[in-house]
Amino acid sequence: MRRYRTTRTAAVVVAAVMAFGAAACSGSGGKESEDKGDGASGGKAADTPKLDIAMITHSAKGDAFWDIVLKGGEQAAAKDNVKLHYQNDDKAEGQATLVQNAIDQKMDGIIVTLAKPDAMRENVEKAVKAGIPVVTINSGQQFSKAMGALSHIGQDEGIAGEAVGEQLNDTGRKKAVCVIHEQGNVSLEERCAGVKKTFKGDIENLTVDGADKAGTTASIQSKLEASDDVDAVVALNAGIAGAALKAKGDTGSKAEVSTFDLDKEVAGQLESKEIAFAVDQQPYLQGYLAVDELWLYKTNANVIGGGKPVLTGPAIVTGKDAPALKKYTARGTR
């Protein structure tokens, strides 16, 4: 597993140590936790006041990536004596309304994604002004601090894209297509921009409607048919990778498929060499640390990473890494 680091990597180490320390103090882990085998927290919950925390994401219906984020949040909530309220809306206006609802409900903390930061800014700032601590995760890192969030937890999308570009160079690719599955999502745009920055070949962005799987497959198929010299397709999530593989099979293309994000299907596709490599941003860790951060802040005035972004990735995962990760992807924690 090839990891890409920046000067902020130390923040991840600090966060992990604090999270595990908190787990030990609350009685989770150890033999009982191992026996559960599914990543569930064992032992008693923390002896601290009950907290209500909202997690509000831009997830589209049926996007399995967010199930992994939620699972991490739920495990941290179980040990931290937190009631986690999860809601999602893939429309920016709807997501912003959910943040307003969390303010009206006087939540003890809010976890939110900033895929479309302009639409979220007003209500996130309103939450901070109301005295509700906010942690951002996954997307919009560069906007988080200005909105008043305690910190941002996720991967640096630009660096992740650059890592993909370097990997494409290593495998001798010459012409790539980067598939953006949600128009206006700043994180997806950053990923493709990062690929372009380091990739020595030609690259073109292809924007599709990720919610329309058949349409996505058709769009990728059309691109492969129109440009038979395309030798790499970069998907930005696991579902789009599946569409790219189908399009590749239908056209007989020799293009190498790679993807951002890891799940059970991708682990199997890596092992069978259908997918060349994947970028793991550890979504489980994003949910887990975000809940832990708000719990630590509310109960002990701690701020993980000193307010700097806490990086959970990227790591390049290939077929040789897949066997070791499969048991975790099977239980939905990687």
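Residue indices follow the written sequence of each chain, beginning from 1 at its first position. Predicted model: local features are reported for residues with pLDDT of at least 70 only, side-chain atom pairs are reported and counted for 80 or more only, and whole-chain, interface and lining totals are derived from all residues. As a convention, hydrogens and water are excluded, and side-chain values are obtained from all of the structure's heavy atoms.

To continue, consider the state of the cysteines. Working definition: a disulfide is two cysteine sulfur atoms within 2.5 Å of each other. Applying the stated rule across the entire model yields one disulfide. Residue Cys178 pairs covalently with Cys192 via a disulfide, S to S 2.1 Å. Sign of the S-S torsion, about -85° for the bond between Cys178 and Cys192, identifies this disulfide as left-handed. On the criterion of sequence distance, the pair formed by Cys178 in strand E7 (residues 175-180) and Cys192 in helix H8 (residues 186-198) is long-range, its members being 14 residues apart. Given the relative accessible area of 0%, Cys178 is considered buried. Take Cys192: its relative accessible area is 1%, and that puts it in the buried class. Helix and strand assignments follow DSSP, with helices taken as H or I runs no shorter than four residues and strands as E runs no shorter than two, numbered in order from the N terminus. Each residue is assigned to one of three classes by its accessible area relative to the maximum for its type, calculated with a 1.4 Å probe on protein chains only: buried under 20%, partly exposed between the two thresholds, exposed over 50%.

Let's shift gears to helix H13 (residues 322-330). Since the α-helix turns once every 3.6 residues, residues separated by three or four places project in the same direction. Listed in full, the buried residues belonging to H13 are Ala322, Leu325 and Thr329. Taken around the axis of H13, the buried residues stretch over an arc of 70°, which confines them to a single face. Projecting away from the buried face of H13 at angles above 90 degrees are the exposed residues Ala324, Lys327 and Ala330. As used here, the arc belongs to the directions running from the helix axis to the C-beta atoms.

This next bit is on the packing of aromatic side chains. The rule is short: rings of Phe, Tyr and Trp, with Trp giving its six-membered ring, pair when the centres are within 6.5 Å, and they are stacked under 30 degrees, edge-to-face over 60, tilted in between. Summed over the entire model, instances satisfying the criterion amount to two aromatic pairs. Both rings, one in Phe65 and one in Trp66, keep their centres 5.0 Å apart while their planes meet at 80°; by these two values the pair is edge-to-face. Each member of the pair Phe65 and Trp66 is classed as buried.

On to the packing of helix H4 (residues 92-104) against helix H5 (residues 117-129), then. Orientation is described by lines fitted to C-alpha atoms, with helices fitted over the stretch in contact, and by angles between N-to-C directions that extend from 0 to 180 degrees. Closest axis-to-axis distance for the H4/H5 pair is 9 Å, and the angle between their directions is 5°. Taken together, the axes of H4 and H5 lie roughly parallel to each other. Here Ala92, Gln95, Ala96, Thr97, Val99, Gln100 and Ile103 of H4 come into contact with H5, specifically with Ala119, Met120, Asn123, Val124, Lys126 and Ala127. Per-class residue counts for the contact of H4 with H5 are eight nonpolar, four polar and one charged. Each angle is binned into one of four classes, with values under 35 degrees roughly parallel, values over 145 roughly antiparallel, values of 65 to 115 roughly perpendicular, and all other values oblique. Two residues form a contact once any of their heavy atoms are found within 4.5 Å. Nonpolar residues are Ala, Val, Leu, Ile, Met, Phe, Trp, Tyr, Cys and Pro. Charged residues are Asp, Glu, Lys and Arg, and all others, Gly as well, are polar.

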